[in-house]
Amino acid sequence: MSKRVFIKTFGCQMNERDSEIMEQLLASCGYVSVFDMEEADFVLLNTCSIRAKAEQKVFSLLGQLRKQKIRNPGLLVGVAGCVAQQEGRKIFKRMPHVDLVVGTQQFYQLPSMLMRLEKGESNREISCNLESSFTIPPFQKYYLGQEGQAPSPAPADRHGLVEFSKFVTIMQGCNNFCSYCVVPHTRGREVSRRISDIVEEVTLLVSRGAKEITLLGQNVNSYGSTNPVADTTTGFADLLRRVAEIPGIKRLRFTSSNPQDLSACLMQCFKDIDILCPHFHLPAQSGSNSVLKKMGRKYTRELYLEKVEELRSYCPEIALSTDIIVGFPGESDQDFEQTMGLLRTVRYHGSFSFKYSDRPGTRSADFDQKVDENIKGERLQCFQKEQDRISLERNQEMVDRTMEVMIEHNQDGTIKSRTSSNHIVHFTSPLPMVPGDLCQVRITHAGMHSLNGEYCSM
Ligand code: 5AD
Ligand code: SF4
(Lines give C-alpha, C1' and ligand atoms only; values in the text may rest on other atoms or scores of the structure.)
(Ligands and ions follow the chains in the order given, each with its own letter.)
Protein backbone atom coordinates (compact mmCIF):
# COMPACT_ATOMS: atom_id res chain seq x y z
CA MET A 1 0.00 0.00 0.00
CA SER A 2 1.33 3.44 -0.82
CA LYS A 3 2.31 5.81 1.94
CA ARG A 4 0.04 8.72 2.68
CA VAL A 5 1.18 12.30 3.14
CA PHE A 6 -0.72 15.28 4.47
CA ILE A 7 0.88 18.63 3.67
CA LYS A 8 -0.34 21.68 5.56
CA THR A 9 0.72 25.02 4.11
CA PHE A 10 0.96 28.21 6.14
CA GLY A 11 1.76 31.68 4.82
CA CYS A 12 2.19 33.05 1.35
CA GLN A 13 1.59 31.92 -2.23
CA MET A 14 5.28 31.23 -2.49
CA ASN A 15 4.79 28.57 0.16
CA GLU A 16 1.74 27.21 -1.66
CA ARG A 17 3.91 26.80 -4.70
CA ASP A 18 6.70 25.12 -2.73
CA SER A 19 4.15 22.72 -1.23
CA GLU A 20 3.07 21.74 -4.72
CA ILE A 21 6.65 20.91 -5.62
CA MET A 22 7.11 18.93 -2.39
CA GLU A 23 3.93 17.03 -3.14
CA GLN A 24 5.29 16.17 -6.56
CA LEU A 25 8.65 15.12 -5.12
CA LEU A 26 6.91 12.92 -2.57
CA ALA A 27 4.68 11.40 -5.24
CA SER A 28 7.83 10.35 -7.06
CA CYS A 29 8.80 8.29 -4.03
CA GLY A 30 5.48 6.62 -3.50
CA TYR A 31 3.45 9.04 -1.38
CA VAL A 32 -0.16 9.87 -2.16
CA SER A 33 -1.79 12.98 -0.71
CA VAL A 34 -4.64 12.72 1.74
CA PHE A 35 -6.95 15.48 2.93
CA ASP A 36 -7.34 14.22 6.51
CA MET A 37 -4.32 14.67 8.78
CA GLU A 38 -5.42 11.70 10.92
CA GLU A 39 -5.07 9.35 7.95
CA ALA A 40 -1.49 10.29 7.13
CA ASP A 41 1.73 8.33 7.60
CA PHE A 42 3.70 11.52 7.06
CA VAL A 43 2.53 14.98 8.11
CA LEU A 44 4.57 17.80 6.63
CA LEU A 45 4.03 21.37 7.76
CA ASN A 46 5.24 24.00 5.30
CA THR A 47 5.56 26.86 7.72
CA CYS A 48 5.56 30.66 7.83
CA SER A 49 7.29 32.90 10.33
CA ILE A 50 6.43 36.33 8.94
CA ARG A 51 4.58 37.35 12.12
CA ALA A 52 4.66 35.95 15.63
CA LYS A 53 1.07 34.72 15.21
CA ALA A 54 1.93 32.70 12.10
CA GLU A 55 4.68 30.93 14.01
CA GLN A 56 2.44 30.28 17.02
CA LYS A 57 -0.03 28.49 14.74
CA VAL A 58 2.73 26.14 13.61
CA PHE A 59 3.78 25.25 17.14
CA SER A 60 0.20 24.74 18.22
CA LEU A 61 -0.38 22.26 15.37
CA LEU A 62 2.89 20.54 16.26
CA GLY A 63 1.53 20.18 19.80
CA GLN A 64 -1.54 18.47 18.36
CA LEU A 65 0.67 16.16 16.30
CA ARG A 66 2.43 15.00 19.44
CA LYS A 67 -0.87 13.43 20.51
CA GLN A 68 -1.45 11.94 17.06
CA LYS A 69 1.99 10.36 17.24
CA ILE A 70 1.17 8.76 20.58
CA ARG A 71 -1.87 7.15 18.94
CA ASN A 72 0.15 6.24 15.83
CA PRO A 73 3.85 5.79 16.71
CA GLY A 74 4.79 5.14 13.07
CA LEU A 75 3.79 8.66 12.08
CA LEU A 76 6.51 10.84 10.57
CA VAL A 77 6.37 14.55 11.31
CA GLY A 78 8.27 17.04 9.14
CA VAL A 79 8.68 20.80 9.42
CA ALA A 80 9.58 22.68 6.24
CA GLY A 81 9.58 26.33 5.24
CA CYS A 82 10.41 29.53 7.05
CA VAL A 83 10.08 28.37 10.68
CA ALA A 84 12.26 25.37 9.82
CA GLN A 85 14.87 27.64 8.30
CA GLN A 86 14.73 30.07 11.19
CA GLU A 87 14.73 27.62 14.08
CA GLY A 88 16.77 24.80 12.54
CA ARG A 89 17.70 22.04 14.92
CA LYS A 90 16.23 23.94 17.88
CA ILE A 91 12.89 22.50 16.73
CA PHE A 92 14.00 18.99 17.76
CA LYS A 93 14.64 20.23 21.29
CA ARG A 94 11.34 22.00 21.63
CA MET A 95 9.32 19.35 19.78
CA PRO A 96 11.11 15.98 20.18
CA HIS A 97 8.43 14.18 18.18
CA VAL A 98 9.54 16.01 15.00
CA ASP A 99 11.42 13.67 12.63
CA LEU A 100 12.60 16.04 9.93
CA VAL A 101 13.44 19.73 9.58
CA VAL A 102 13.66 20.92 5.98
CA GLY A 103 14.95 24.43 5.19
CA THR A 104 13.37 26.72 2.60
CA GLN A 105 15.93 25.85 -0.04
CA GLN A 106 16.40 22.23 0.84
CA PHE A 107 13.01 20.85 0.04
CA TYR A 108 14.14 19.37 -3.25
CA GLN A 109 16.19 16.97 -1.09
CA LEU A 110 13.07 15.60 0.61
CA PRO A 111 13.12 12.19 -1.08
CA SER A 112 16.74 11.54 -0.15
CA MET A 113 16.15 12.84 3.37
CA LEU A 114 13.24 10.44 3.82
CA MET A 115 15.31 7.59 2.47
CA ARG A 116 18.07 8.31 4.98
CA LEU A 117 15.51 8.50 7.76
CA GLU A 118 14.08 5.11 6.76
CA LYS A 119 17.60 3.67 6.86
CA GLY A 120 17.81 4.75 10.48
CA GLU A 121 20.06 7.80 10.22
CA SER A 122 19.47 10.34 12.94
CA ASN A 123 17.13 13.17 12.12
CA ARG A 124 19.62 15.76 13.37
CA GLU A 125 22.22 14.54 10.89
CA ILE A 126 19.77 14.61 8.03
CA SER A 127 18.61 18.12 8.79
CA CYS A 128 22.10 19.36 9.60
CA ASN A 129 22.98 21.59 6.68
CA LEU A 130 20.25 24.15 7.28
CA GLU A 131 22.72 26.85 8.21
CA SER A 132 24.78 26.43 5.07
CA SER A 133 21.86 26.09 2.71
CA PHE A 134 22.19 29.65 1.44
CA THR A 135 25.79 29.24 0.37
CA ILE A 136 24.77 27.46 -2.82
CA PRO A 137 21.68 28.58 -4.66
CA PRO A 138 19.86 25.23 -4.69
CA PHE A 139 16.80 27.08 -5.95
CA GLN A 140 18.66 27.45 -9.23
CA LYS A 141 19.92 23.92 -8.98
CA TYR A 142 16.49 22.44 -8.48
CA TYR A 143 14.67 24.39 -11.10
CA LEU A 144 17.38 24.64 -13.67
CA GLY A 145 18.57 21.08 -13.32
CA GLN A 146 22.04 19.92 -12.38
CA GLU A 147 24.84 20.71 -14.79
CA GLY A 148 24.25 19.13 -18.13
CA GLN A 149 20.72 18.06 -17.29
CA ALA A 150 17.47 19.37 -18.64
CA PRO A 151 15.51 21.65 -16.35
CA SER A 152 13.28 19.87 -13.87
CA PRO A 153 9.77 19.40 -15.11
CA ALA A 154 7.02 21.68 -13.95
CA PRO A 155 5.00 20.22 -11.11
CA ALA A 156 2.13 17.85 -11.50
CA ASP A 157 -1.28 19.29 -10.87
CA ARG A 158 -2.30 19.00 -7.28
CA HIS A 159 -4.37 15.94 -6.47
CA GLY A 160 -4.36 14.99 -10.14
CA LEU A 161 -6.74 17.81 -11.03
CA VAL A 162 -6.13 20.34 -13.75
CA GLU A 163 -6.19 23.66 -12.00
CA PHE A 164 -7.14 26.69 -13.98
CA SER A 165 -4.99 29.05 -11.96
CA LYS A 166 -1.31 28.34 -11.29
CA PHE A 167 1.51 30.13 -9.50
CA VAL A 168 4.96 30.24 -11.02
CA THR A 169 7.90 31.28 -8.86
CA ILE A 170 10.22 33.56 -10.83
CA MET A 171 12.66 34.41 -8.05
CA GLN A 172 13.52 33.44 -4.51
CA GLY A 173 14.64 35.43 -1.52
CA CYS A 174 14.93 39.14 -0.92
CA ASN A 175 17.74 41.67 -0.65
CA ASN A 176 15.80 44.56 0.82
CA PHE A 177 16.28 43.87 4.52
CA CYS A 178 13.35 45.96 5.75
CA SER A 179 14.04 46.27 9.46
CA TYR A 180 10.96 44.28 10.56
CA CYS A 181 11.15 41.45 8.04
CA VAL A 182 12.31 37.91 8.55
CA VAL A 183 12.20 36.97 4.85
CA PRO A 184 15.85 37.70 3.92
CA HIS A 185 16.77 35.53 6.92
CA THR A 186 14.43 32.67 6.07
CA ARG A 187 14.59 32.73 2.29
CA GLY A 188 18.06 34.11 1.74
CA ARG A 189 19.34 36.45 -0.93
CA GLU A 190 17.54 37.16 -4.13
CA VAL A 191 17.99 34.65 -6.94
CA SER A 192 16.16 34.94 -10.28
CA ARG A 193 15.30 32.11 -12.60
CA ARG A 194 16.09 32.23 -16.31
CA ILE A 195 13.35 33.57 -18.58
CA SER A 196 13.60 30.51 -20.80
CA ASP A 197 12.92 28.17 -17.86
CA ILE A 198 9.97 30.24 -16.70
CA VAL A 199 8.54 30.32 -20.21
CA GLU A 200 8.99 26.57 -20.48
CA GLU A 201 7.19 25.98 -17.18
CA VAL A 202 4.30 28.30 -18.06
CA THR A 203 3.94 26.69 -21.49
CA LEU A 204 3.69 23.28 -19.88
CA LEU A 205 1.11 24.47 -17.34
CA VAL A 206 -1.01 26.07 -20.06
CA SER A 207 -0.81 22.91 -22.15
CA ARG A 208 -2.22 21.07 -19.14
CA GLY A 209 -5.18 23.40 -18.85
CA ALA A 210 -4.06 26.43 -16.81
CA LYS A 211 -5.85 29.62 -17.89
CA GLU A 212 -4.51 32.06 -15.34
CA ILE A 213 -0.85 32.44 -14.40
CA THR A 214 0.47 34.40 -11.41
CA LEU A 215 4.19 35.16 -11.37
CA LEU A 216 5.58 35.14 -7.85
CA GLY A 217 8.54 36.87 -6.26
CA GLN A 218 9.23 38.81 -3.06
CA ASN A 219 10.00 41.84 -5.18
CA VAL A 220 9.29 41.14 -8.83
CA ASN A 221 10.52 44.59 -9.88
CA SER A 222 14.10 43.63 -9.23
CA TYR A 223 13.77 40.42 -11.26
CA GLY A 224 17.08 39.65 -12.94
CA SER A 225 18.94 42.60 -11.44
CA THR A 226 20.93 41.05 -8.63
CA ASN A 227 22.27 38.02 -10.45
CA PRO A 228 21.87 39.08 -14.04
CA VAL A 229 20.75 35.94 -15.76
CA ALA A 230 21.95 35.48 -19.28
CA ASP A 231 18.67 35.84 -21.10
CA THR A 232 17.15 38.80 -19.24
CA THR A 233 17.49 42.10 -21.02
CA THR A 234 15.14 44.54 -19.39
CA GLY A 235 14.12 42.68 -16.27
CA PHE A 236 10.60 42.02 -15.13
CA ALA A 237 8.74 43.96 -17.84
CA ASP A 238 10.62 41.91 -20.41
CA LEU A 239 9.67 38.69 -18.66
CA LEU A 240 6.00 39.73 -18.51
CA ARG A 241 5.95 40.43 -22.24
CA ARG A 242 7.57 37.09 -23.00
CA VAL A 243 5.14 35.15 -20.80
CA ALA A 244 2.14 37.04 -22.20
CA GLU A 245 3.02 35.78 -25.70
CA ILE A 246 2.48 32.15 -24.69
CA PRO A 247 -0.72 31.08 -26.49
CA GLY A 248 -3.62 30.00 -24.30
CA ILE A 249 -3.12 32.21 -21.25
CA LYS A 250 -6.29 34.11 -20.55
CA ARG A 251 -5.12 36.07 -17.51
CA LEU A 252 -1.71 37.08 -16.25
CA ARG A 253 -1.01 38.40 -12.74
CA PHE A 254 2.01 38.98 -10.56
CA THR A 255 2.90 39.73 -6.97
CA SER A 256 4.60 41.41 -5.12
CA SER A 257 6.25 44.74 -5.89
CA ASN A 258 8.33 47.18 -3.94
CA PRO A 259 7.17 50.77 -4.54
CA GLN A 260 10.64 52.26 -4.96
CA ASP A 261 11.44 49.94 -7.87
CA LEU A 262 8.17 50.39 -9.73
CA SER A 263 9.32 51.48 -13.17
CA ALA A 264 7.57 53.22 -16.05
CA CYS A 265 8.58 50.19 -18.12
CA LEU A 266 6.39 47.97 -15.95
CA MET A 267 3.53 50.50 -15.90
CA GLN A 268 3.61 50.55 -19.70
CA CYS A 269 2.87 46.80 -19.66
CA PHE A 270 -0.63 47.56 -18.36
CA LYS A 271 -1.24 49.54 -21.55
CA ASP A 272 0.30 47.03 -23.92
CA ILE A 273 -0.59 43.58 -22.59
CA ASP A 274 -4.31 42.97 -22.75
CA ILE A 275 -4.26 39.79 -20.64
CA LEU A 276 -2.39 41.55 -17.80
CA CYS A 277 -4.98 42.00 -15.06
CA PRO A 278 -5.55 45.57 -13.86
CA HIS A 279 -4.76 44.86 -10.23
CA PHE A 280 -1.64 45.99 -8.41
CA HIS A 281 -0.56 44.98 -4.93
CA LEU A 282 1.71 47.77 -3.76
CA PRO A 283 2.68 47.34 -0.11
CA ALA A 284 2.93 50.73 1.61
CA GLN A 285 3.46 49.43 5.20
CA SER A 286 2.99 52.93 6.64
CA GLY A 287 1.94 56.43 5.59
CA SER A 288 4.45 58.17 7.87
CA ASN A 289 7.87 59.13 6.56
CA SER A 290 9.54 58.74 9.93
CA VAL A 291 8.14 55.20 10.34
CA LEU A 292 9.03 54.30 6.74
CA LYS A 293 12.59 55.41 7.46
CA LYS A 294 12.82 53.26 10.59
CA MET A 295 11.32 50.37 8.63
CA GLY A 296 14.18 50.72 6.15
CA ARG A 297 11.72 51.24 3.29
CA LYS A 298 13.45 53.13 0.52
CA TYR A 299 10.61 55.48 -0.44
CA THR A 300 8.71 58.34 1.12
CA ARG A 301 4.98 58.83 1.37
CA GLU A 302 5.32 61.43 -1.41
CA LEU A 303 7.17 59.09 -3.76
CA TYR A 304 4.62 56.36 -3.04
CA LEU A 305 1.74 58.68 -3.92
CA GLU A 306 3.54 59.78 -7.09
CA LYS A 307 3.87 56.12 -8.14
CA VAL A 308 0.17 55.56 -7.50
CA GLU A 309 -0.75 58.55 -9.61
CA GLU A 310 1.59 57.53 -12.40
CA LEU A 311 0.25 53.98 -12.36
CA ARG A 312 -3.29 55.32 -12.65
CA SER A 313 -2.27 57.51 -15.57
CA TYR A 314 -1.16 54.36 -17.42
CA CYS A 315 -4.17 52.30 -16.33
CA PRO A 316 -7.04 54.38 -14.94
CA GLU A 317 -9.16 51.38 -13.91
CA ILE A 318 -6.37 49.66 -11.96
CA ALA A 319 -7.45 48.30 -8.56
CA LEU A 320 -4.88 48.83 -5.84
CA SER A 321 -4.30 46.80 -2.72
CA THR A 322 -1.66 47.11 -0.03
CA ASP A 323 -0.07 45.75 3.15
CA ILE A 324 0.01 47.87 6.30
CA ILE A 325 1.76 47.32 9.62
CA VAL A 326 0.34 49.18 12.62
CA GLY A 327 2.20 49.74 15.88
CA PHE A 328 5.74 49.67 14.52
CA PRO A 329 8.20 50.65 17.31
CA GLY A 330 7.98 54.41 17.86
CA GLU A 331 4.76 54.83 15.84
CA SER A 332 2.96 57.83 17.40
CA ASP A 333 -0.71 58.74 17.09
CA GLN A 334 0.33 61.29 14.45
CA ASP A 335 2.26 58.65 12.51
CA PHE A 336 -0.77 56.39 12.57
CA GLU A 337 -2.98 59.28 11.38
CA GLN A 338 -0.64 59.58 8.39
CA THR A 339 -1.34 55.94 7.55
CA MET A 340 -5.07 56.58 7.83
CA GLY A 341 -4.56 59.60 5.56
CA LEU A 342 -2.79 57.45 2.99
CA LEU A 343 -5.68 54.99 3.04
CA ARG A 344 -8.18 57.78 2.45
CA THR A 345 -6.08 59.34 -0.30
CA VAL A 346 -5.38 56.18 -2.30
CA ARG A 347 -8.74 54.58 -1.48
CA TYR A 348 -7.41 51.04 -1.82
CA HIS A 349 -9.83 48.44 -3.10
CA GLY A 350 -8.57 46.20 -0.31
CA SER A 351 -5.68 45.71 2.07
CA PHE A 352 -3.98 43.32 4.45
CA SER A 353 -3.19 44.95 7.77
CA PHE A 354 -1.21 43.54 10.65
CA LYS A 355 -0.10 44.37 14.18
CA TYR A 356 3.66 44.70 14.26
CA SER A 357 5.44 41.78 15.95
CA ASP A 358 9.14 41.27 16.70
CA ARG A 359 10.80 38.64 14.56
CA PRO A 360 14.04 36.90 15.45
CA GLY A 361 17.15 38.34 13.87
CA THR A 362 15.47 41.49 12.54
CA ARG A 363 16.76 44.96 13.39
CA SER A 364 13.47 46.29 14.66
CA ALA A 365 13.29 43.53 17.28
CA ASP A 366 15.97 45.56 19.11
CA PHE A 367 14.30 48.96 18.64
CA ASP A 368 12.93 50.62 21.76
CA GLN A 369 9.61 52.49 22.10
CA LYS A 370 7.58 49.34 21.48
CA VAL A 371 3.88 50.14 21.11
CA ASP A 372 1.44 48.75 23.68
CA GLU A 373 -0.53 45.70 22.41
CA ASN A 374 -3.88 47.35 23.21
CA ILE A 375 -2.98 50.42 21.19
CA LYS A 376 -1.90 48.21 18.29
CA GLY A 377 -5.28 46.46 18.51
CA GLU A 378 -7.17 49.78 18.50
CA ARG A 379 -5.19 51.07 15.52
CA LEU A 380 -5.74 47.85 13.58
CA GLN A 381 -9.47 47.99 14.19
CA CYS A 382 -9.62 51.64 13.21
CA PHE A 383 -7.70 50.97 9.98
CA GLN A 384 -9.76 47.93 9.05
CA LYS A 385 -13.05 49.69 9.73
CA GLU A 386 -12.10 52.53 7.41
CA GLN A 387 -10.84 50.09 4.78
CA ASP A 388 -14.16 48.22 4.93
CA ARG A 389 -16.04 51.47 4.42
CA ILE A 390 -13.86 52.36 1.43
CA SER A 391 -14.03 48.83 -0.04
CA LEU A 392 -17.82 49.01 0.09
CA GLU A 393 -17.79 52.39 -1.64
CA ARG A 394 -15.40 51.10 -4.27
CA ASN A 395 -17.57 48.04 -4.83
CA GLN A 396 -20.70 50.16 -5.12
CA GLU A 397 -19.02 52.04 -7.96
CA MET A 398 -19.10 48.77 -9.89
CA VAL A 399 -22.85 48.20 -9.66
CA ASP A 400 -24.58 48.18 -13.07
CA ARG A 401 -21.30 47.67 -14.89
CA THR A 402 -20.88 44.64 -17.13
CA MET A 403 -17.61 42.88 -16.51
CA GLU A 404 -15.70 39.83 -17.61
CA VAL A 405 -15.26 37.24 -14.87
CA MET A 406 -13.32 34.00 -14.66
CA ILE A 407 -15.17 31.06 -13.12
CA GLU A 408 -13.47 29.68 -9.99
CA HIS A 409 -16.07 27.35 -8.59
CA ASN A 410 -19.39 26.01 -9.82
CA GLN A 411 -21.73 24.21 -7.46
CA ASP A 412 -24.88 23.28 -9.35
CA GLY A 413 -24.97 26.61 -11.15
CA THR A 414 -24.10 28.73 -8.10
CA ILE A 415 -20.90 30.32 -9.24
CA LYS A 416 -17.98 32.02 -7.60
CA SER A 417 -15.97 34.05 -10.09
CA ARG A 418 -13.39 36.82 -10.18
CA THR A 419 -13.03 40.00 -12.18
CA SER A 420 -9.66 40.84 -13.68
CA SER A 421 -9.39 43.57 -11.02
CA ASN A 422 -9.53 40.73 -8.46
CA HIS A 423 -13.08 41.25 -7.16
CA ILE A 424 -15.14 38.20 -6.28
CA VAL A 425 -18.53 37.99 -8.03
CA HIS A 426 -21.27 35.47 -7.16
CA PHE A 427 -23.96 34.65 -9.70
CA THR A 428 -26.11 31.82 -10.98
CA SER A 429 -25.47 30.44 -14.38
CA PRO A 430 -27.99 29.11 -16.84
CA LEU A 431 -25.18 27.32 -18.73
CA PRO A 432 -22.71 24.63 -17.75
CA MET A 433 -19.42 26.34 -16.85
CA VAL A 434 -16.12 25.08 -15.54
CA PRO A 435 -13.32 26.79 -13.62
CA GLY A 436 -11.22 28.88 -15.98
CA ASP A 437 -14.13 29.79 -18.29
CA LEU A 438 -14.70 33.47 -18.95
CA CYS A 439 -18.09 35.15 -19.22
CA GLN A 440 -19.76 38.53 -18.95
CA VAL A 441 -21.82 39.43 -15.89
CA ARG A 442 -23.67 42.57 -14.89
CA ILE A 443 -23.00 43.62 -11.30
CA THR A 444 -26.26 43.90 -9.40
CA HIS A 445 -25.23 44.29 -5.78
CA ALA A 446 -22.11 45.28 -3.84
CA GLY A 447 -21.07 43.96 -0.43
CA MET A 448 -17.93 44.81 1.49
CA HIS A 449 -15.97 41.76 0.40
CA SER A 450 -17.74 40.56 -2.73
CA LEU A 451 -20.21 41.45 -5.47
CA ASN A 452 -23.33 39.79 -6.85
CA GLY A 453 -24.08 39.73 -10.53
CA GLU A 454 -26.27 38.28 -13.23
CA TYR A 455 -25.10 36.29 -16.21
CA CYS A 456 -25.02 38.20 -19.52
CA SER A 457 -23.10 36.20 -22.11
CA MET A 458 -20.09 33.93 -22.67
N1 5AD B 1 5.16 42.31 11.96
C2 5AD B 1 3.95 42.53 11.37
N3 5AD B 1 3.73 42.42 10.06
C4 5AD B 1 4.77 42.08 9.28
N5 5AD B 1 4.88 41.90 7.95
C6 5AD B 1 6.14 41.54 7.67
N7 5AD B 1 6.88 41.48 8.80
C8 5AD B 1 6.05 41.83 9.81
C9 5AD B 1 6.23 41.96 11.21
N10 5AD B 1 7.41 41.76 11.81
C11 5AD B 1 3.76 42.11 7.02
C12 5AD B 1 4.13 43.16 5.96
C13 5AD B 1 4.35 42.35 4.73
C14 5AD B 1 3.35 41.23 4.93
C15 5AD B 1 3.58 40.03 4.09
O16 5AD B 1 3.50 40.91 6.31
O17 5AD B 1 3.02 44.02 5.82
O18 5AD B 1 4.13 43.07 3.53
FE1 SF4 C 1 5.83 33.52 5.47
FE2 SF4 C 1 7.44 35.23 4.28
FE3 SF4 C 1 8.17 32.73 4.48
FE4 SF4 C 1 6.17 33.42 2.83
S5 SF4 C 1 8.35 34.03 2.68
S6 SF4 C 1 6.19 31.71 4.24
S7 SF4 C 1 5.22 35.08 4.04
S8 SF4 C 1 7.86 34.16 6.16
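Everything quoted here is computed from the prediction, not taken from an experiment.

Visitor: Mind laying out the site of ligand 1, listing which residues take part and the relevant values?
Guide: Taken together, Ile-50, Arg-51, Tyr-180, Gln-285, Asp-323, Ile-325, Phe-354, Lys-355, Tyr-356, Ser-357 and Arg-359 make up the full set of residues adjacent to ligand 1. The contact in question runs from an oxygen atom of ligand 1 to an N or O atom on the side chain of Gln-285, over 2.6 Å. For the shell around ligand 1, the elements supplying multiple residues, two or more each, are strand 12 (319-326) and strand 13 (350-355). Its residues assigned to classes, the shell around ligand 1 shows five nonpolar, two polar and four charged.

Visitor: Would you mind going over the site of ligand 2 in detail, with residue names and values included?
Guide: Contacts to ligand 2 come from Cys-12, Asn-15, Thr-47, Cys-48, Ser-49, Ile-50, Cys-82, Val-183, Arg-187 and Gln-218. Looking at the shell around ligand 2, its residues break down into five nonpolar, four polar and one charged. Residue contributions to the shell around ligand 2 reach at least three from each of two domains, namely domain 1 (3-126) and domain 2 (134-277).

Visitor: Quick rundown of the packing of aromatic side chains? Include the residues and the values.
Guide: Counting across every chain of the model gives nine aromatic pairs. Centroid distance Tyr-31 to Phe-42: 5.7 Å. Interplanar angle 55°. Geometry classified as tilted. Of this pair, Tyr-31 sits in strand 2 (residues 31-33) while Phe-42 sits in strand 3 (residues 42-47), and the two are eleven residues apart along the sequence. Residue classification places Tyr-31 among the buried positions, given a relative accessible area of 6%. Ring centres 5.3 Å apart and planes at 75° place the aromatic pair Phe-328 and Tyr-356 in the edge-to-face group. Residue Phe-328 is found in the loop between strand 12 and helix 14 (333-346), and its partner Tyr-356 is found in the loop between strand 13 and helix 15 (373-396); the two are separated by 28 residues along the sequence. Judged by its relative accessible area of 4%, Tyr-356 falls in the buried class. An aromatic cluster is present here, built from Tyr-180, Phe-328, Tyr-356 and Phe-367 joined pairwise through their rings. One residue, Arg-94, lies across the ring of Phe-59, its end atom 3.6 Å from the ring centre.

Visitor: Describe the confidence of the model for the protein, and please don't skip the residues or the numbers.
Guide: Overall, the prediction assigns the protein a mean pLDDT of 89, with 90% of residues at 70 or greater. pLDDT under 50 marks residues 132-161. Its contacts with residues more than four places away, or in other chains, come to 79 contacts.

Visitor: Give me the lowdown on a negative patch on the surface, citing residues and values where you can.
Guide: Judged by side-chain charge, Glu-302, Glu-306, Glu-309 and Glu-310 come together as a negatively charged surface patch. Here Glu-306 lies in helix 13 (residues 301-314).

Calculation rules
- Residues numbered from 1 in each chain as written.
- Chains lettered and ligands numbered in written order.
- Predicted model: local features only at pLDDT ≥ 70, side-chain atom pairs only at ≥ 80, totals over all residues.
- Heavy atoms only, no water.
- Near = heavy atom within 4 Å.
- Polar contact = N/O pair within 3.5 Å; in protein donor to acceptor, adjacent residues only side chain to side chain.
- Helix = DSSP H or I, 4+ residues; strand = E, 2+ residues; numbered from the N terminus.
- Nonpolar A, V, L, I, M, F, W, Y, C, P; charged D, E, K, R; others polar.
- Domains from an automatic or database assignment.
- Phe/Tyr/Trp six-rings, centres within 6.5 Å; stacked < 30°, edge-to-face > 60°.
- Buried < 20%, exposed > 50% of the residue type's maximum accessible area, 1.4 Å probe, protein only.
- Lys NZ or Arg CZ within 6 Å of the ring centre and 35° of its normal.
- pLDDT = per-residue confidence, 0-100.
- Contact = heavy atoms within 4.5 Å.
- Patch = residues over 30% accessible without salt bridge, like charges linked within 9 Å, V, L, I, M, F, W, Y side chains within 5 Å.
- Areas by Shrake-Rupley, 256 points an atom, 1.4 Å probe, with all protein chains shown as cover.
- Salt bridge = Lys/Arg side-chain N within 4 Å of Asp/Glu carboxyl O.
- Lys, Arg positive; Asp, Glu negative; His and termini not counted.
- Charge placed at Lys NZ, Arg CZ, Asp CG, Glu CD.

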